[in-house]
Amino acid sequence: MAFLWVVACLALASAVSGCGVPAISPAVSYNERIVNGQNAVPGSWPWQVSLQTRTGSHFCGGSLINQYWVVTAAHCNFNPLSHVVVLGEYSLASSSEAVQVKTAITNPGWNPNTMNNDITLLRLSTPAQLGSRVSTICLPPANLVLPSNAWAVTTGWGRTNPNCTQIFKLQHPAVHRGSGGWGGRDWFSVRSTNQESSLQGDSGGPLVYQTGNGWMLIGIVSWGTSNCNINTPAMYTRVSQFRNWIDAVVAQG
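Residues numbered from 1 in each chain as written. Predicted model: local features only at pLDDT ≥ 70, side-chain atom pairs only at ≥ 80, totals over all residues. Heavy atoms only, no water.

- Under an unreviewed UniProt entry, the name given to the protein chain is Chymotrypsin like, and the source organism is Catharus ustulatus.

1. Brief notes about the overall build of the protein chain
Inference 1: Regarding its fold elements, the protein chain presents two helices and 13 strands.
Inference 2: Here the protein chain holds 253 residues, and the buried ones make up 53% of them.
Inference 3: For the protein chain, contacts bridging at least 24 residues in sequence account for 68% of all contacts bridging at least 6.
Inference 4: In the structure as shown, the protein chain presents an accessible area of about 11,000 Å², 52% of it carried by carbon and sulfur atoms. (Helix = DSSP H or I, 4+ residues; strand = E, 2+ residues; numbered from the N terminus. Buried < 20%, exposed > 50% of the residue type's maximum accessible area, 1.4 Å probe, protein only. Contact = heavy atoms within 4.5 Å. Areas by Shrake-Rupley, 256 points an atom, 1.4 Å probe, with all protein chains shown as cover.)

2. Brief notes about the side chain of Asn117
Inference 1: On the secondary structure map, Asn117 appears in the loop between β6 (101–106) and β7 (120–124).
Inference 2: Looking at Asn117, the relative accessible area reads 12%, which means it is buried.
Inference 3: At a separation of 2.7 Å, a polar atom in the side chain of Asn117 contacts the main-chain carbonyl oxygen of Gly109. (Polar contact = N/O pair within 3.5 Å; in protein donor to acceptor, adjacent residues only side chain to side chain.)

3. Here's the deal with the state of the cysteines
Inference 1: Taken as a whole, this structure holds two disulfides when the rule is applied.
Inference 2: Paired by a disulfide, Cys19 and Cys138 hold their sulfur atoms 2.0 Å apart. In this structure the cystine formed by Cys19 and Cys138 twists about its S-S bond by roughly 90 degrees; its chirality is therefore right-handed. With Cys19 in the loop between α1 (2–15) and β1 (48–53) and Cys138 in the loop between β7 and β8 (151–154), this residue pair connects regions lying 119 residues apart in the sequence. One exposure class covers both Cys19 and Cys138, and it is buried.
Inference 3: When the bonded cysteines of the protein chain are numbered from the N-terminus onward, they pair as 1-4, 2-3. (Disulfide = S-S within 2.5 Å.)

4. Concerning the nonpolar core
Inference 1: Counting residues in each nonpolar core, the largest one holds 36 residues, and the members touching the most others are Val85 and Ile246.
Inference 2: At the level of secondary structure, the elements contributing two or more residues to this core comprise β1, β2 (58–64), β3 (69–72), β4 (83–87), β7, β12 (214–223) and α2 (243–252).
Inference 3: Discounting chain neighbours no more than four positions away, the residues touching Ile246 are Ile65, Ile119, Leu121, Leu139 and Val239.
Inference 4: Formed by 11 residues, the second largest nonpolar core is a distinct cluster that contains Ala150, Tyr209, Met216 and Tyr236. (Core = buried A, V, L, I, M, F, W, Y, C linked by side-chain atoms within 4.5 Å.)

5. Quick look at the sheet that holds β2
In a beta sheet, neighbouring strands are held together by backbone hydrogen bonds and run either parallel or antiparallel to one another.
Inference 1: The antiparallel open sheet is built from seven strands, whose spatial order is β5-β4-β1-β2-β3-β7-β6. Both outer strands of the open sheet, β5 (98–99) and β6, are each paired with one neighbouring strand and no more.
Inference 2: Looking at chain direction, β1 and β2 are connected through five bridges and run antiparallel. In the strand pairing of β2, Val49 is matched with Gly62. (Pairing = 2+ DSSP bridges.)

6. So, the environment of Trp69
Inference 1: Of note, Trp69 is situated in strand β3.
Inference 2: Sequence spacing of Trp69 and Val249 is 180 residues, and the spatial spacing of their C-alpha atoms is 9.9 Å.
Inference 3: Setting aside its immediate chain neighbours within four residues, Trp69 contacts Ser63, Leu64, Ile105, Leu121, Leu122, Arg123, Val249, Val250 and Gly253.

7. Structural notes on the pairing of β3
As a general feature of sheets, a regular strand has side chains that alternate between the two faces.
Inference 1: Covered by surrounding structure in β3 are Trp69 and Val71 together with Val70 and Thr72, the residues of both alternating faces.
Inference 2: Hairpin connection from β2 to β3: four residues lie between these consecutive antiparallel strands.

See the structure below:
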């Protein structure tokens, strides 16, 4: 079963030309600890975007899924009138070019009280200029069945510990599915077996799973504890559950 799942993932990755294969290889160690942070290799997560205010303040992450579309969390409350998308960012102290957003489309089932259906699509006003530091992530099939025990990687500029207010270099802790289970219909939880997790400021960012030489977007950082308690699972939007909705929205342009 696991072998067939991997074959299906590889077929999906190859069918979507160029997605999920960074030109600059990430250096991921699956025993990394998020405490004190783990700097990513610059450019190694080229689908990672920063959602910022027009004054340059980062507030959420996102993932580039094609030249015109970014997927993020609904609870980030992106407003095209006051917010922008920054592509190819590594250090928040840099002056990467901001891209305007034409429209933000939130899943109609989004419920801020329950955090169900926590997903929004952002349609860029101009196409992303793809290159070595900006490229797309593969989407999972709608019928994706995750392995019962797996490692994944989440990236973002969130706090690396409860006392840190902001970091500036992109982080990439590896998180383990551990004993937390994969959760419900449109979300899943990750309870790490060590001190790794997504933290405040990572919201909307990607949780990716490696299939062969490529990477697939399996989750969107949704919510967790405010004090970064590693004993409490972090919650992620299950992207596969929304694959048909994503395809329908993108097809409408």
